[in-house]
Structures are given as structure tokens and as C-alpha cells.
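Descriptive structure summary
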Amino acid sequence: MKAVIFKQIGTIETVYRSKPEIQQPTDAIVKILHTSICGTDLHIMRGHVPTCTPGRILGHEGVGVIDALGPGVSNLKVGDHVLISCISGCGLCKHCRAGMPSHCLSGGWILGHTIDGTQAEYVRIPHAGSSLYPLPPSVDAQGAVALSDAFPTAYECAILPGKLKPGCTIAIVGAGPVGLAVLMLAKKLFSPRMILLVGKGQHRLNAAKGLGADHVLSSALGNDALTEMALAENNGDGFDLVVECVGIPQTFELCQKLLGLGGTITNVGVHGTKTDLHLQDLWAKNICITSRLVDTNTLNDLIGLVQSKMIDPELLISHRFKFSDITNAYELFNTGSSTNVLKVVISMD
Ligand SMILES: [Zn+2]
Ligand SMILES: [Zn+2]
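On a predicted model such as this, the values are computed, not experimentally measured, just so you know. Here the residue numbers are simple positions, counted from 1 along each chain's written sequence. Going through the entries in the order they are written, you letter the chains from A and number the ligands from 1. Totals for whole chains, interfaces and linings use every residue, but because this is a predicted model, local features are given only for residues with pLDDT of at least 70 and side-chain atom pairs only at 80 or more, for both listing and counting. The side-chain quantities take in all heavy atoms of the structure and omit both hydrogens and water.

1. Regarding the side chain of His127
Its location among the elements puts His127 in the loop between β6 (122-125) and α3 (128-131). In this scheme, a residue with accessible area under 20% of its type's maximum is buried, one over 50% is exposed, and one in between is partly exposed, where area comes from a 1.4 Å probe on protein chains only. His127 sits in the buried class, given a relative accessible area of 15%. If near-sequence neighbours (up to four positions away) are discounted, His127 is found in contact with Thr26, Asp27, Gly89, Cys90 and Ser106. A helix here means a DSSP run of H or I that spans at least four residues, while a strand means a run of E at least two residues long, and both kinds are numbered starting from the N terminus. Contact criterion: two residues are considered in contact whenever any of their non-hydrogen atoms come within 4.5 Å of each other.

2. Structural notes on the coordination of the zinc ion (ligand 2)
Protein coordination at the zinc ion (ligand 2): the donors are Cys90 (SG), Cys93 (SG), Cys96 (SG) and Cys104 (SG), at 2.3 to 2.4 Å from the metal. In this structure, the zinc ion (ligand 2) is coordinated by 4 donor atoms arranged in tetrahedral fashion, with angles at the metal of 104 to 117°. As a rule, N, O and S atoms within 2.8 Å of a metal are its donors, except that Na, K and Ca use 3.2 Å; water is not among the atoms, so sites may look incomplete. Read in sequence order, the donor residues for the zinc ion (ligand 2) give the motif C-x2-C-x2-C-x7-C. Only two sets of limits are used to name each site, 85 to 135 degrees for every angle of a tetrahedral four-donor site, and over 155 degrees for opposite donors with all other angles from 65 to 115 for a square planar four-donor or octahedral six-donor site, with any other site named irregular.

3. Brief notes about the sheet that holds strand β10 (residues 215-218)
Read across the open sheet, the 6 strands follow the order β10-β9-β8-β11-β12-β13; overall the sheet is parallel. For this open sheet the edge positions go to β10 and β13 (288-291), each flanked by a neighbour on one side alone. Across the sheet, the axes of successive neighbouring strands diverge by a mean angle of 15°, strand direction being ignored. Convention adopted: a line fitted to C-alpha atoms gives each axis, helices being fitted over their contacting stretch, and angles between N-to-C directions are expressed from 0 to 180 degrees. Along the sheet, helix α4 (residues 150-159) makes contact with β11 (239-244), β12 (259-267) and β13, crossing β12 at roughly 140°. Of the strands in this sheet, β9 (194-199), β10 and β11 touch helix α7 (residues 223-233), which is tilted by about 175° from β10. Paired strands, in this sense, are two strands between which DSSP finds at least two bridges.

4. Remarks on the UniProt feature "domain: Enoyl reductase (ER)" (unreviewed entry) in the protein chain
Mapped onto the present numbering, the UniProt feature "domain: Enoyl reductase (ER)" (unreviewed entry) falls on residues 10-342. Helix makes up 27% of residues 10-342 and strand 22%, whereas the separation of the span's terminal C-alpha atoms amounts to 21 Å. UniProt positions are given in the numbering used here, feature names are shortened, and annotations may be inferred rather than shown by experiment.

5. With respect to the coordination of the zinc ion (ligand 1)
Only Cys38 (SG), His60 (NE2), Glu61 (OE) and Asp149 (OD) from the protein coordinate the zinc ion (ligand 1), and they sit 1.9 to 2.4 Å from it. Between the 4 donor atoms coordinating the zinc ion (ligand 1), the angles at the centre fall across 98 to 125°, so the site counts as tetrahedral. The sequence motif formed by the donor residues of the zinc ion (ligand 1) is C-x21-H-E-x87-D. Of the two residues, His60 is situated in the loop between α1 (39-45) and β4 (62-69) and Asp149 in the loop between β7 (132-134) and α4; the sequence distance between them amounts to 89 residues. No difference in accessibility class separates His60 from Asp149, as the two residues are buried.

6. A word on the nonpolar core
Ranked by size, the top nonpolar core spans 51 residues in total, and within it Leu83, Leu147, Phe151, Leu183, Leu185 and Leu302 carry the most contacts. Among the secondary structure elements, those contributing two or more residues to this core are α4, β8 (169-173), α5 (177-190), β9, α6 (202-210), β11 and α10 (299-307). Of the domains in this structure, domain 1 (2-149 + 295-347) and domain 2 (153-291) are the two that each give at least three residues to this core. With residues up to four places along the chain from it excluded, the contact list for Leu147 reads Leu83, Pro152, Leu299, Leu302, Ile303, Val306 and Pro313. Here the nonpolar core consists of buried residues drawn from Ala, Val, Leu, Ile, Met, Phe, Trp, Tyr and Cys, with membership extended through side-chain atoms lying within 4.5 Å. Either an automatic procedure or a domain database provided the assignment from which the domain bounds are taken.

7. Digging into the side chain of Asp295
Looking at the element boundaries, Asp295 is found in the loop between β13 and α10. Exposure remark for Asp295: the relative accessible area of 3% places this residue in the buried category. Here a polar contact is recorded for every N or O atom pair within 3.5 Å, except that within protein the pair must consist of a potential hydrogen donor and a potential acceptor, and residues adjacent in sequence are included only if both atoms are side-chain atoms. Here the side chain of Asp295 touches Arg292 through a polar contact of 2.5 Å, side chain to side chain.

8. Let's talk about the pattern of salt bridges
One speaks of a salt bridge when a side-chain nitrogen belonging to Lys or Arg is within 4 Å of a carboxyl oxygen belonging to Asp or Glu. On inspection of all chains with the given rule, the structure shows 10 salt bridges. The shortest N-O distance in the salt bridge between Arg56 and Asp116 comes to 3.1 Å. Taken together, the residues span a long stretch of sequence, with Arg56 in the loop between α1 and β4 and Asp116 in the loop between α2 (94-97) and β6 at a distance of 60 residues. Under the relative-accessibility criterion, Asp116 is labelled partly exposed at 30%. A salt bridge links Glu61 to Lys343; its shortest N-O distance comes to 2.9 Å. Placement of Glu61 in the loop between α1 and β4 and of Lys343 in strand β15 (residues 343-347) is noted, with a sequence separation of 282 residues between them. Lys343 sits in the buried class, given a relative accessible area of 3%. Within the structure, one salt-bridge network assembled from shared partners comprises Arg17, Arg56 and Asp116.

What follows is the structure, encoded as C-alpha cells:
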């Protein structure tokens, strides 16, 4: 089968590999229909994820058809169309039973990381019974690739811990696919009084406007000007919810400046360096700061929200490629905020 591997720092390559086989009774082999590229795949390509070694098949997002099942999987059958969660959870270990399969003792984020992933014609999914989700025919299979990771991350790491109330004010820092998914979910589910988004690249700011942001500001303005302009849009007050979707010190500092009395910062960004917490300014403001991994426990709810037409993951899809063109898809996705790329769908030839 054809598969995309992390070859060495800076390089991915399409290679031929043997089709994966069932190794454990709880495994499934899924024939991929559509997959996608995540910012995390770029981090691996750039050498920022040392736990992912050269030769690994990349990808942790996708939709497919069950091709084979281990004898221990009782809730799925061969031929089922399924959504692949970016998190593999056994459902039984202490962390899974505490609702945190992201920290599963024999799983977590392993696909396209420590085991071969979804950017291939077939993928082996461990703990299949609790890590694959039947995809109803009414849910578009291409758009659903944004449900593997981007939407549950937005929902579980930004929205649910954000204690949102209808009529609240929200500032989102970061306009990548996850930031825009946060925008879509907040707008539809909580009727906020105002959503302001800070991001990089005019295409993404335009996309945010199109998805219902009331105000958009370019991060190029710098933190001082951004703080002044953002607070001015909110009558001088800070925001009820501030979402950090970038993961660098400057953006986390900006989030602290935008936070209102009684507000919450929900951190989604993956931080690679230390960052300052200005507790001297924040300690008395009745605030909350949360940070967590995505567990994908809400996938059934999110599939339901797609079925009820409250959210449309396809709105995040900017480009569609054939698997034979995946190198071009990587090149485009690597341009990030400087082009109009958001989520890409890669479909099998
Ligand atoms: Zn991802
Ligand atoms: Zn577990």
C-alpha cells in the first residue's frame, strides 16, 4: 500500500509499505477514504516531536471503512463507515476510566506518532471499540476529517472548560482551523454578545468574519495596540472567555491582558517554551485558567451537532487533494496563514 512517512527532519515521502495486520484482539484495520494534515504533522516534519522517529507513517485524522476486526471488538463490524479519533483509548485503564483517554496507559495520541498513522491506504487502529465512531450516512465523510481532532479540541479544550453563558463576550487568539472551530461552536451554541478574533493572515481573518466574528484584528499590530483596540470594542472591559490557540509566550501574554473580571482563559496552544504568568495582575480578578489535552469523549455529541446542522465541519475545508498529490497538500498546508489554506482533505485515488 502507499503511505506517507516522516523521512527525516524537513522531509516527508510517499513510500510502499505492506498492509497492516491485526496484532491484538482489540484492533481494527481501517481502509482509509479521506485523511487530512494537521499542524502536528508539520511539527513532526520540522523535528519538534522527538518521540516520532523517522520512517513513521504520519496522520491521526481520517474517515474510512472497517476492513478487518480483531475477535475482541464486539460493537463494530466489517464494512462500517467510521470516524477515526486522533486519540486511542483502551477504555479500561485508570486514566480512561477517569475520562482522560488522552492519557491512556496503552494509548493516547499514538497514531502517526509512536505507531503508524492514517496517511496511508490502510491503518491499524488499536482499542478500536472505543476509538472508532460509526459515521452516519447524513454526515459528509470529507468534512468529517475535521471531527477527528480539530472540532473535539475546540469543544473540549476551549468551549466546555470556558463556562460560557449566552450573551457573553469571547476573544479568540489564533485563526488556524482550531481557532475557527472554536468560533463556529461558540457562535452557534452560546449566542455570544460579541466575538473578537486576533489572528495572522488576511485570508484567515476574512474566513473568521465569514464564520460570524464581530471584530477581527491582525496579530501584526502587536500586543499593546491589540489590547487597546480589543478592549475598546468591549467598552473598555476584558472578555468573559479568552481562548489561546497559538502556543507562544506573546499570545499567552495577550490573553492575560484581554481577560475580564470573573473570566476564563482556556489554553489550547501547544507551548514549547516557558511563558510568564502575571499573577500580580490577575490574582484578585476571580479568574480561571485551564489547559488540557483533547480526549475526544465528545465525538458522539459533535456528530449529533453536525446532524442537527448546528455546525458544518466542511466550512473549515479549504482544499481537496488526491492521495497521489499529498506532497502538494503538505507544501500548501506548510504555507499556513500566508495563503488561504485551512483544513485540507486528502482522498484516496
Ligand atoms: Zn490533528
Ligand atoms: Zn486506557
